[in-house]
Amino acid sequence: MDERAALALIDETLPAAGDDAAVVGSLVVTTDMLHESTDFPAGTTRYTAGWRAVGASLSDVAAMGARATAAVAVYGAPAFDPEELSAFLRGARDVCADAGAEYVGGDLDGHDEFTVATTALGETEAPVLRSGATPGETVCVTGTLGRSGAAVRLFPNAPERANDLFRFSPRVAAGLAVAPRAGAMMDSSDGLARSLHQLAEASDCGFRVEYDALPVDGSVRDLADDPDDERDLALYFGEDFELVFTTDDPEAAREASPTPVSEIGTVTEGGEGVRLDGEALPDRGFTHN
């Protein structure tokens, strides 16, 4: 089975695993695994890898509207180079500091390719799930879209700029700020298009979104070959780790968030599906296989 079928099987067996993080009392917990061959393009520094790997799990905590508390990681590699390991640890600690959390260690393992498994913890008494979107709400997104896609394009010739784009800030502070006003929320790690479809399925709703309202990152506009290429990077590439959420008070959410918030469309009835500029938006996005 492919990744989506595997996730569906897990959801059927473990209902608590269906959101960005599992909720256990007031605790939220999430885990991720990243591989050199699929997640770290040639030129990715170990510092960036540490930042990005741990940041991916912190982003899941953010998507629950939770306060991030701690993270751990398993570092697997063919050999333990001291400079690479030290750089990884600095990246992991720095992204935790960026999110208001603490990096508290993990494990080492020999592996045939560089691989990282991360776990992050957070706390909230009122988690925001994917299932709370209501027709009539506004759908919003934090930050900009397409940074990771642009970074991948830049790695071969401009690795320093690419690494900079690859080090995203987990939107923990924004998640906390908008949570009281959010009906449903998740992060955009699989791309905006797939995130909207996942929210629509969880909330039994539809979405009507306008492309011109999307906060496309300036790097995407600079690098895209043509308008269709730009749309692919902004909508489908994924790995941007922005928050996608619905709200009945977008102005209050925008004013509360320390990160820019863009209103990109509205929540509709379930039978209308997910539509971009009036046309059906394909359910495409990042996959791990």
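What you see is a predicted model; the values in this text were computed from it and never measured. (Residues numbered from 1 in each chain as written. Predicted model: local features only at pLDDT ≥ 70, side-chain atom pairs only at ≥ 80, totals over all residues. Heavy atoms only, no water.)

Visitor: So, helix α8 (residues 192–203): which residues are in play, and what are the values?
Guide: Its 12 residues give α8 an end-to-end C-alpha distance of 16 Å, which sits within 8% of 16 Å, the value for a rise of 1.5 Å per residue. For α8, the full list of buried residues reads Leu-192, Ala-193, Arg-194, Ser-195, Leu-196, Leu-199, Ala-200 and Ser-203. The positive-phi residue at the C-terminal boundary of α8 is Asp-204, with phi of around 55°. (Helix = DSSP H or I, 4+ residues; strand = E, 2+ residues; numbered from the N terminus. Expected span 1.5 Å × (residues − 1). Buried < 20%, exposed > 50% of the residue type's maximum accessible area, 1.4 Å probe, protein only.)

Visitor: So what's going on with the UniProt feature "binding site: Mg(2+) 3" (unreviewed entry) in the protein chain? Which residues, and what values?
Guide: The UniProt record marks Asp-20, Asp-60 and Asp-187 with the feature "binding site: Mg(2+) 3" (unreviewed entry), using the residue numbering of this structure. These residues run over 168 residues, yet every pair of their C-alpha atoms falls within 7.5 Å of each other. Topologically, Asp-20 is positioned in the loop between α1 (3–13) and β1 (22–24). Once residues within four sequence positions are removed from consideration, Asp-20 is found in contact with Thr-30, Asp-60, Ala-63, Met-64, Arg-130, Met-185, Met-186 and Asp-187. Turning to its location among the elements, Asp-187 is positioned in strand β7 (residues 182–187). By relative accessible area, which is 1% here, Asp-187 ends up buried. Those residues in contact with Asp-187 that lie beyond four places of it in its chain are Asp-20, Ser-59, Asp-60, Ala-63, Ser-195, Phe-241, Glu-242 and Leu-243. (UniProt positions renumbered as here; feature names shortened; annotations may be inferred. Contact = heavy atoms within 4.5 Å.)

Visitor: Which residues make up unusual backbone geometry, and what are the values?
Guide: Leave glycine aside and you will find that most residues have negative phi; peptide bonds, for their part, are mostly trans. Positive phi values are uncommon outside glycine, yet Asp-204 reaches one of about 55°. Among the structural elements, Asp-204 can be located in the loop between α8 and β8 (205–209). For Asp-204, a relative accessible area of 65% puts it in the exposed group. A positive phi is found at Phe-241, a non-glycine position, where the angle reads about 60°. For Phe-241, a relative accessible area of 5% puts it in the buried group.

Visitor: Residue-level account of the sheet that holds β7, with values.
Guide: An order of β7-β9-β6-β10-β8-β11-β12 is seen for the seven strands of this open sheet, with the pairing classed as mixed. A single partner strand is all that each edge strand has here, and the edge strands are β7 and β12 (279–280). Direction of pairing for β8 relative to strand β11 (residues 274–276): parallel, over a ladder of three bridges. Paired with Phe-207 across the bridge in β11 is Val-274. Where helix α3 (residues 46–63) meets the sheet, it contacts β7 and β9 (243–247), and its direction lies at approximately 170° from that of β7. (Pairing = 2+ DSSP bridges. Axes fitted to C-alpha atoms, helices over the stretch in contact; angles between N-to-C directions.)

Visitor: I'd like a rundown of the packing of helix α5 (residues 147–154) against helix α6 (residues 159–166), residues and numbers included.
Guide: Interaxial distance between α5 and α6 falls to 8 Å at its minimum, and their mutual angle equals 160°. Between α5 and α6, the angle is such that the two are roughly antiparallel. The interaxial crossing formed by α5 with α6 has left-handed handedness. Of the residues in α6, those touching α5 at Arg-147, Ser-148, Ala-150, Ala-151, Val-152 and Leu-154 are Pro-159, Arg-161, Ala-162, Asp-164, Leu-165 and Phe-166. Looking at the contact of α5 with α6 residue by residue, the class counts come to eight nonpolar, one polar and three charged. (Parallel < 35°, antiparallel > 145°, perpendicular 65-115°, else oblique. Left-handed = near helix turned anticlockwise from the far one by under 90°. Nonpolar A, V, L, I, M, F, W, Y, C, P; charged D, E, K, R; others polar.)

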